[in-house]
Amino acid sequence: MTTAVHVDAAELELEEIESHLEAIGVPRFHARQIFQWIYRRGITDFDAMTDLGRELRAELSSRFAVATPTVAKHERSVDGTAKFLLELADGHLIESVFIPDTPQQTFCLSTQVGCAMKCAFCLTAKMGIIRNLTAGEIVGQVRVLLRELHMLGQRFNIVLMGMGEPLHNYDATMKALRILADEHGLAVAPRRVTLSTVGVLPALERLATEPLMPNLAISLHSTTEEQRDRLVPINRKYGLEELLDACRRFPLKRRNRITFEYVMLEHVNDTPEDARRLVKLLQGIKAKVNLLPLNAAPGIPFDRPSDERVNRFAAILAERGVTVSVRRSRGRDIRAACGQLITESTRQAPGQRLADKMGTK
Ligand code: SAH
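Residues numbered from 1 in each chain as written. Predicted model: local features only at pLDDT ≥ 70, side-chain atom pairs only at ≥ 80, totals over all residues. Heavy atoms only, no water.

(A) Spatial organisation of the nonpolar core. Membership of the largest hydrophobic core comes to 116 residues, with the highest contact counts inside it found for Phe107, Phe121, Leu204 and Phe260. Beyond its immediate stretch of four places on either side in the chain, phenylalanine 260 contacts Ile218, Leu220, Leu244, Cys247, Leu282, Ile285, Ala287, Lys288, Val289 and Asn290. (Core = buried A, V, L, I, M, F, W, Y, C linked by side-chain atoms within 4.5 Å. Buried < 20%, exposed > 50% of the residue type's maximum accessible area, 1.4 Å probe, protein only. Contact = heavy atoms within 4.5 Å.)

(B) Representation of the site of the ligand in the model. Around the ligand sit 19 residues, and of these Phe121, Ser196, Ser219, His221 and Asn295 come closest. Between an oxygen atom of the ligand and a main-chain N or O atom of threonine 197, the distance comes to 3.3 Å. Against a free-state accessible area of 530 Å², the protein chains account for coverage of 95% of the ligand. Among the elements of the structure, strand E10 (193-197) and strand E12 (258-264) are those that each provide at least two residues to the shell around the ligand. (Near = heavy atom within 4 Å. Polar contact = N/O pair within 3.5 Å; in protein donor to acceptor, adjacent residues only side chain to side chain. Areas by Shrake-Rupley, 256 points an atom, 1.4 Å probe, with all protein chains shown as cover. Helix = DSSP H or I, 4+ residues; strand = E, 2+ residues; numbered from the N terminus.)

(C) Spatial organisation of helix H8 (residues 240-249). Along H8, the positions that sit buried rather than exposed are Leu240, Leu243, Leu244, Ala246 and Cys247. The buried residues of H8 all sit within an arc of 155° when viewed along its axis, so they share a single face. In H8, the exposed positions angled more than 90 degrees off the buried face are occupied by Glu241 and Arg249. The inward-facing, buried residues of H8 abut helix H6 (201-207), strand E11 (215-219), helix H7 (225-231), E12 and helix H9 (272-281). (Arc of directions from axis to C-beta.)

(D) The arrangement of the packing of helix H4 (residues 135-148) against helix H5 (residues 170-181) in detail. With their axes 8 Å apart at the nearest point, H4 and H5 run at an angle of 45° to one another. If you check the angle between H4 and H5, you find them oblique. Taken as a pair, H4 and H5 cross one another with a handedness that is right-handed. Each of Ala135, Ile138, Val139 and Val142 in H4 lies in contact with H5, whose residues at this interface are Ala172, Thr173, Lys175, Ala176, Ile179 and Leu180. (Axes fitted to C-alpha atoms, helices over the stretch in contact; angles between N-to-C directions. Parallel < 35°, antiparallel > 145°, perpendicular 65-115°, else oblique. Left-handed = near helix turned anticlockwise from the far one by under 90°.)

So, in structure tokens, the structure goes:
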């Protein structure tokens, strides 16, 4: 248990653990062993770290703890997608999703409790922003999923596409990526991580200078300033044009491209004119487009377009040389799909009560 006197090692990068050890007169190299236990073997109890001497283990137990979110609920979809409702130390709830065989195994992580971005078609937006997650809470989702899914030692990708806007919680998100990338721990290479953002511009500019660079996905969703102002309200502050300029400048590795996510709302942004405008906007950007037919939900005032409309839109992009894919929605039966993550901060009936208030069953 974490008490006031314990330092939470889950919040520390390897070098920070080294400094903490040094400060209490323990050789720095033990930090690597600790890191391996926590991340590679999933052991968070210092007494069980058997390659450390007995006295050292006792000393570490008295000074450190490793906070880990607890599983409040675990649901599996018919398609193999698994949604985990996780409870944080202060009782707040977040969701993390496992998406199998895409063809890789993918963990979809949250970066905030709720979200401040108010996108008009997203269920998480209904929660508002409750708080940022810490780096340890972001990485903790990976530790829990690896343990629960018996995946320790297996490869996986990460998408920061759960609850929250990662660039609205910049420092914790970047620290989490550094902890995840550490070769003594999980060694998740940045190329296996995709950060999805509405385009918080100052943070996007900062991201462009990071040594650890994840893949970038931009939630575009509109081709005009007026429409994006309505659908993705942060556009009123950081407009489409500026956003696309920043994308043009964004440093990309040789064969890498920026993914543009485009949620499709029937008769709103799914017309052939929209598709043609999108092609124009993306000129000069190394881009690919991922179409997300709306995952409809009660309280969301839009409809999902027919497959014909989606295919027509996709065809217009493809004919003009834009790489396009349609996101097959996973886990819709357990409300684990994009934009469907919503929780309540109480311990009872998470998610459901809020959905009830919004007129669902
Ligand atoms: N805040 C980040 C991370 C969320 S990623 C971002 O906005 O990029 C989740 C993706 O799903 C985003 O592109 C988001 O716009 C999209 N999305 C939200 N609600 C959706 C819904 N109801 N149906 C389909 N996609 C949705």
